[in-house]
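Observations on the model geometry
Single-letter residue listing:
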Amino acid sequence: MTASLRILVTGATGAVGSVVLRALTAAGHRVHGVSRRGGAGPRQHVWWAGREEPPPALRIRWDAVVHCAADTRWNLPDEEAEEATVQPLRAVLSLASAHTHVLHLSSSYATGLTGGVSSPSRDDYRNSYEWAKAASERLVRTAREGADIVRFPLVAGARADGALDRYSGFFWLPAALCSGAIPALVAAEKGLVDMVSTDDVAAHVTRLVADGRPARHRLTILGRGERAPRVREIFDSMRDTLNSWRSAHGVPPLDRLPSVTPEQWNRFHRPFAEQYLDRAQLLRIAAFQVYQGYLSVTEPFDVTHQVPDMEQTIVRSVRRWADTHRRAAARIPQPWYDRRTASAGSSRGS
Ligand SMILES: NC(=O)c1ccc[n+]([C@@H]2O[C@H](COP(=O)([O-])OP(=O)(O)OC[C@H]3O[C@@H](n4cnc5c(N)ncnc54)[C@H](OP(=O)(O)O)[C@@H]3O)[C@@H](O)[C@H]2O)c1
């Protein structure tokens with residue numbers, strides 16, 4: 001039997017941290033959580049890491065610290081991404097003593113455009129999130145003699161029912177499909193979208209904690225790897241799931257998005273959009289642009305631990321998202337229109 005350890009989970013109210021906290025508690029450990037706003041229960045602490053001094057309750061001897069806190073927005077200005085992700089990590093590492101087992105949760109996308117995290121240059125990453133996650137990995141390696149770094153790709157909900165404490169990251173997509181924020185499926189024909197369940201991450205972290213602190217740095221990578229689903233499959237399955245939910249709730253179905261390659265989009269559609277769409281539409285296009293890189297990954301991620309098939313978990317997660325975000329799931333997509341025609345129409349009406 002594994003000894004009961006005193007463990008701190010940061011980001012304990014988030015999509016991943018909440019499940020990690022429950023899994024470690026179920027494994028018999030004495031687990032405390034911390035987040036900016038705090039969660040329910042006596043073992044949930046409030047601390048904005050990187051901005052405030054840690055409260056006394058956190059300055060105790062931890063057997064393990066599982067660092068899940070991060071700002072997962074992909075479009076923060078560089079300086080803000082650094083403040084939101086790297087500085088909190090530095091503050092959390094100050095709570096760890098030499099004997100503490102540090103487990104740092106990272107992202108498969110931290111390897112950016114070069115396939116590694118060693119470059120500090122922002123140009124080697126698709127966005128500030130990747131860049132900050134790569135800097136975080138480098139910080140863990142220099143600050144600690146031995147630590148676990150766990151990378152994984154996009155996260156879906158629980159395998160049994162798709163439940164998530166917070167629908168961050170990937171769940172921008174079903175919301176955008178229902179609101180009409182996505183004009184087309186801009187993706188490489190063979191683009192892959194690798195995903196894992198929160199259960200996979202929590203079970204993996206629980207095993208690593210049981211294994212104990214590694215003498216050196218240990219990198220493990222979860223995912224489907226070369227078996228990851230294709231972008232078109234994910235979109236079709238998401239649309240089918242949303243349409244079956246919409247049909248059950250008397251809402252008209254969503255149309256299938258036209259497919260466009262990133263080259264076609266950037267050469268023809270985007271310049272056209274910039275000429276003819278209004279400001280609000282252009283903002284939607286810019287928000288979507290941030291996701292484009294993720295739908296254009298054609299090389300599978302290397303994985304050290306392949307997770308089971310994700311198809312049903314994705315379906316359950318999207319259905320669960322719709323059940324818990326009824327207004328967003330029942331929206332009628334706003335049509336894309338040409339601002340010149342729209343203003344001609346309004347002047348005719350006045
Ligand atoms: N979601 C994904 O698809 C995905 C994919 C790959 C890797 N990851 C990685 O997995 C980890 C967890 O992500 P997630 O999806 O669970 O994120 P999330 O749902 O957005 O939750 C973030 C958590 O971190 C806390 N937090 C953020 N900044 C903090 C700070 N400065 N001090 C204290 N707490 C802070 C938040 O607290 P509040 O409740 O107060 O906001 C929340 O508990 C991150 O390292 C992320 O990079 C996530």
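What you are looking at is a predicted structure, and each value in this text was computed from that prediction instead of being measured.

Our next topic: the domain arrangement of the protein. When the domains of the protein are assigned, the result is domain 1 (6-144) and domain 2 (157-194 + 227-299 + 309-339). Inter-centroid distance (C-alpha atoms) of domain 1 to domain 2 is 28 Å. The interface is formed by 14 residues belonging to domain 1 together with nine residues belonging to domain 2. Carbon and sulfur atoms make up 56% of the area that domain 1 and domain 2 hide from each other, which totals about 1,100 Å². The largest per-residue losses of area from domain 1 upon contact with domain 2 belong to Ala 15, Trp 74 and Tyr 109, which jointly make up 48% of the total buried on that side. Summed over the shared surface of domain 1 and domain 2, the number is one salt bridge. With a closest N to O distance of 2.8 Å, Asp 165 and Arg 22 form a salt bridge. Put simply, domain 1 and domain 2 have one residue pair in polar contact (both at pLDDT 80 or more) between them. Listing elements by their share of the side of domain 1 that touches domain 2, those giving two or more residues are helix H1 (17-26) and helix H3 (128-143).

Glancing now at the packing of aromatic side chains. Within the structure shown, the criterion is met by four aromatic pairs. Taking 5.1 Å as the distance between ring centres and 90° as the angle between the ring planes, the aromatic pair formed by Tyr 109 and Phe 301 counts as edge-to-face. With Tyr 109 in the loop between strand S5 (101-107) and H3 and Phe 301 in the loop between helix H8 (279-292) and strand S12 (305-306), this residue pair connects regions lying 192 residues apart in the sequence. We note that Tyr 109, like Phe 301, is buried. Look at Tyr 167 and Phe 171: their rings are 4.9 Å apart centre to centre, the planes differ by 90°, and that puts the pair in the edge-to-face class.

Further remarks concern the pairing of strand S2 (residues 30-35). Burial within S2 is extensive, with five of its six residues counted as buried. Two elements, strand S1 (residues 6-10) and S2, share five bridges in a ladder whose sense is parallel. Among the inter-strand pairings, Leu 8 is bridged to a residue of S2, identified as His 32. As a crossover connection, the stretch from S1 through H1 into S2 is right-handed. With three bridges connecting them, S2 and strand S3 (residues 44-46) associate as parallel partners.

The next subject is the confidence of the model for the protein. Looking at the protein, pLDDT values average 91 and 95% of them are 70 or higher. Below a pLDDT of 50 lies the segment residues 344-350, which in the model reaches zero contacts outside its immediate sequence neighbourhood of four places, other chains included.

Pairing within the open sheet is parallel, and its eight strands lie in the order S3-S2-S1-S4-S5-S6-S10-S12. For this open sheet the edge positions go to S3 and S12, each flanked by a neighbour on one side alone. Together, S1, strand S4 (64-67) and S5 form the strand contacts of helix H2 (residues 78-93), whose direction differs from that of S4 by roughly 175°. Sitting on the sheet, H3 touches S5, strand S6 (148-152) and strand S10 (218-223), and the angle it makes with S5 is about 160°.

What counts and what doesn't
- Residues numbered from 1 in each chain as written.
- Predicted model: local features only at pLDDT ≥ 70, side-chain atom pairs only at ≥ 80, totals over all residues.
- Heavy atoms only, no water.
- Domains from an automatic or database assignment.
- Contact = heavy atoms within 4.5 Å.
- Buried area = accessible area lost by both parts, 1.4 Å probe.
- Salt bridge = Lys/Arg side-chain N within 4 Å of Asp/Glu carboxyl O.
- Polar contact = N/O pair within 3.5 Å; in protein donor to acceptor, adjacent residues only side chain to side chain.
- Helix = DSSP H or I, 4+ residues; strand = E, 2+ residues; numbered from the N terminus.
- Phe/Tyr/Trp six-rings, centres within 6.5 Å; stacked < 30°, edge-to-face > 60°.
- Buried < 20%, exposed > 50% of the residue type's maximum accessible area, 1.4 Å probe, protein only.
- Pairing = 2+ DSSP bridges.
- Right-handed = clockwise from strand over helix to strand, strands pointing away.
- pLDDT = per-residue confidence, 0-100.
- Axes fitted to C-alpha atoms, helices over the stretch in contact; angles between N-to-C directions.

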